[in-house]
Amino acid sequence: MLDLIRVFDQVVESGSFSQAGKVLNMAPSSVARNIDSLEASIKTTLFKRSTRQIILTEEGQYFHQQSITLLRDTDKLLNEMRADNDTPEGMLRISVFESFGNLCLAPIIPEFLQLYPNIQIELDLNNHMVDLNSDNIDIAIRIGTPQDSGLKARKLLTNYTSLVASPRYIEQHDLIERPDDVQQHNCLLISHQRQRNHWFFSKGEVRKKVSVSGNFISKGGSPLLNAALFGSGLLLLSDWMVKSHLESKQLVHLLPEWTATHNENGSGDIYAIYKNSHYPKPHVRVFLDFLVSHQHLF
């Protein structure tokens, strides 16, 4: 319909079908058919036609006055949307689980903001699942892919985990030589909202499911990491959380020949989750690209 109105507007401006056709690069007969289609669509005669001239009817004059405003507002809106799709700017709302947000995301955000000074970031450190639509979130960073088919996910890294403890704890407690020994120790546990916790170990074709218990349970990993550094117990935690402490020897990697995970199928991958759109907003797109380009830092 808008295309028909644009043809109508050009006919009024040009004063004839033939002149409008030259401007629009259309045959006069095609211009006439467009006007016929528009009149049929709105059930109104817009022009009085003769062999010499065309004259707007009273209804045509009113329609032209209104169409000027309509086309101007439409062009303004389209130009604004095209600008939005070219320039990364505006508020970017990000929800990320607390430990990853503090350790991995917060250190690189200043660099991103320096690259894109017209973007503002609102960071929500939250271990709860969020609804991107109702919570007005642009990007959520979580472990695992979304179940909602209306969302897309971009992988950031595989969430490898390691079994660790402080030298102080190791010195004061029995030696750990195999996965079953873990049952005799105080384990610092990520809450899985169930009564019993298990850690899973694998080495080649061998699989072990070990029941674990302890005196400290948390939904986030940071409190458990602090407890492990103090010497409170064994901890199974993501490598990106314990890497620096292993390098400084504040923590020791236990049973390194075994792969230890929180779930039988592994500890999952970390994804950036965002709304499914053919045209993601520029500030969302550039932040996703920025995250992927900085994977080596996690």
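Below or above, wherever it landed, is the structure these notes cover. (Residues numbered from 1 in each chain as written. Predicted model: local features only at pLDDT ≥ 70, side-chain atom pairs only at ≥ 80, totals over all residues. Heavy atoms only, no water.)

Across the seven residues of strand E9 (residues 197-203), six count as buried, placing the element largely inside the fold. With seven bridges joining them, E9 and strand E10 (residues 206-212) adopt antiparallel strand pairing. Residue pairing in the sheet places His-198 in a bridge with Ser-211 of E10. Linkage of E9 to E10, two consecutive antiparallel strands, is achieved through a turn of two residues, within which Gly-204 is found at a positive phi near 65°. Here three bridges tie E9 to strand E14 (residues 259-261), and the two strands are oriented antiparallel to one another. Residue pairing across strands places Ser-202 opposite Thr-259, the latter belonging to E14. (Buried < 20%, exposed > 50% of the residue type's maximum accessible area, 1.4 Å probe, protein only. Helix = DSSP H or I, 4+ residues; strand = E, 2+ residues; numbered from the N terminus. Pairing = 2+ DSSP bridges.)

Glancing now at the sheet that holds strand E6 (residues 151-158). Reading across from one edge, E4-E3-E5-E15-E6 is the order of the five strands in this open sheet, with mixed pairing throughout. Two strands in the sheet have a free side with no partner beyond their single neighbour: strand E4 (119-125) and E6. The average angle at which neighbouring strand axes cross in this sheet is 20°, direction not considered. Pairing of strand E5 (residues 139-143) with strand E15 (residues 269-275), which is carried by five bridges, proceeds in the antiparallel orientation. The residue bridging Ala-140 from the neighbouring strand is Ile-273, located in E15. Relative to the sheet, helix H5 (residues 98-105) contacts strand E3 (90-96), E4, E5, E6 and E15, its axis offset from that of E3 by approximately 120°. Strands E3, E4, E5, E6 and E15 of the sheet are contacted by helix H10 (residues 282-293), whose axis makes an angle of about 45° with E3. (Axes fitted to C-alpha atoms, helices over the stretch in contact; angles between N-to-C directions. Contact = heavy atoms within 4.5 Å.)

Before going further, it helps to spend a moment on the pairing of E15. Most of E15 is tucked away, with five of its seven residues classed as buried. Pairing of E6 with E15 involves seven bridges; the strand directions are antiparallel. Directly across from Arg-154, in E15, lies its bridge partner Ala-272.

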